[in-house]
Amino acid sequence: GGKWTMRVPSGDSWKDAVIHIDQRFQEFSGKVEMAGRSIELERPFLRGDYVSFRFQDGKSMVRFQGRVKEGRIVGQAATGDGKEYRWRALRLGTGS
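Now for a look at the structure at hand. (Residues numbered from 1 in each chain as written. Predicted model: local features only at pLDDT ≥ 70, side-chain atom pairs only at ≥ 80, totals over all residues. Heavy atoms only, no water.)

Here's the deal with the packing of aromatic side chains
Next up, step 1: On inspection of all chains with the given rule, the structure shows six aromatic pairs.
Next up, step 2: Centroid distance Trp 14 to Tyr 85: 5.3 Å. Interplanar angle 80°. Geometry classified as edge-to-face. Taken together, the residues Trp 14 in strand β2 (residues 13-24) and Tyr 85 in strand β9 (residues 84-93) connect sequence positions 71 residues apart.
Next up, step 3: Their ring planes at 65° and their centres at 6.1 Å tell us that Phe 45 and Tyr 50 sit as a pair that is edge-to-face.
Next up, step 4: Judged by its relative accessible area of 35%, Phe 45 falls in the partly exposed class.
Next up, step 5: An aromatic cluster is built from Phe 53, Phe 55, Phe 64 and Trp 87, whose rings are joined through pairwise contacts. (Phe/Tyr/Trp six-rings, centres within 6.5 Å; stacked < 30°, edge-to-face > 60°. Helix = DSSP H or I, 4+ residues; strand = E, 2+ residues; numbered from the N terminus. Buried < 20%, exposed > 50% of the residue type's maximum accessible area, 1.4 Å probe, protein only.)

A closer look at the pattern of salt bridges
Next up, step 1: Under the criterion given, the structure shown has five salt bridges.
Next up, step 2: The closest approach of N and O atoms between Arg 7 and Asp 16, which form a salt bridge, is 3.0 Å.
Next up, step 3: Assessed through its relative accessible area of 56%, Asp 16 is described here as exposed.
Next up, step 4: A salt bridge links Asp 57 to Arg 37; its shortest N-O distance comes to 3.0 Å. Separated by 20 residues along the polypeptide, Asp 57 in strand β6 (residues 50-57) and Arg 37 in strand β4 (residues 37-40) bring together distant segments of the chain.
Next up, step 5: In this structure Asp 57 comes out as buried when scored by relative accessible area, which is 8%.
Next up, step 6: Taken together, the shared-partner salt bridges connect Lys 15, Arg 37 and Asp 57 into one network. (Salt bridge = Lys/Arg side-chain N within 4 Å of Asp/Glu carboxyl O.)

A look at the side chain of Ser 52
Next up, step 1: By secondary structure assignment, the location of Ser 52 is in strand β6.
Next up, step 2: Residue Ser 52 is classed as buried on the basis of its relative accessible area of 14%.

Remarks on the environment of Glu 40
Next up, step 1: Tracing the sequence through the fold places Glu 40 in strand β4.
Next up, step 2: Sequence-wise, Glu 40 and His 20 are 20 residues apart; in three dimensions their C-alpha atoms are separated by 9.6 Å.
Next up, step 3: Those residues within four positions of Glu 40 in sequence are excluded, and the remaining contacts are Gly 30, Lys 31, Arg 54 and Phe 55. (Contact = heavy atoms within 4.5 Å.)

Set out below in structure tokens:
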């Protein structure tokens, strides 16, 4: 759980974003704050150190998957046009 910072691929650029995650055992929910908007996470999934979720950025769905380790999530992000990127999120705090 907690608050995480990340960059989100969006068109030909990247946007700064903050993820707020509320975790209960192997289930979580949350939202992304990006460009002045608050967007609910969709299809959040957690098993062991593996995490995945997605959210709608304008007309494009952005999907994330990665492994959690020592205050980081490292993995892949994929945009609606099929492009894939290396991705990471860094923990900012432990609040929900």
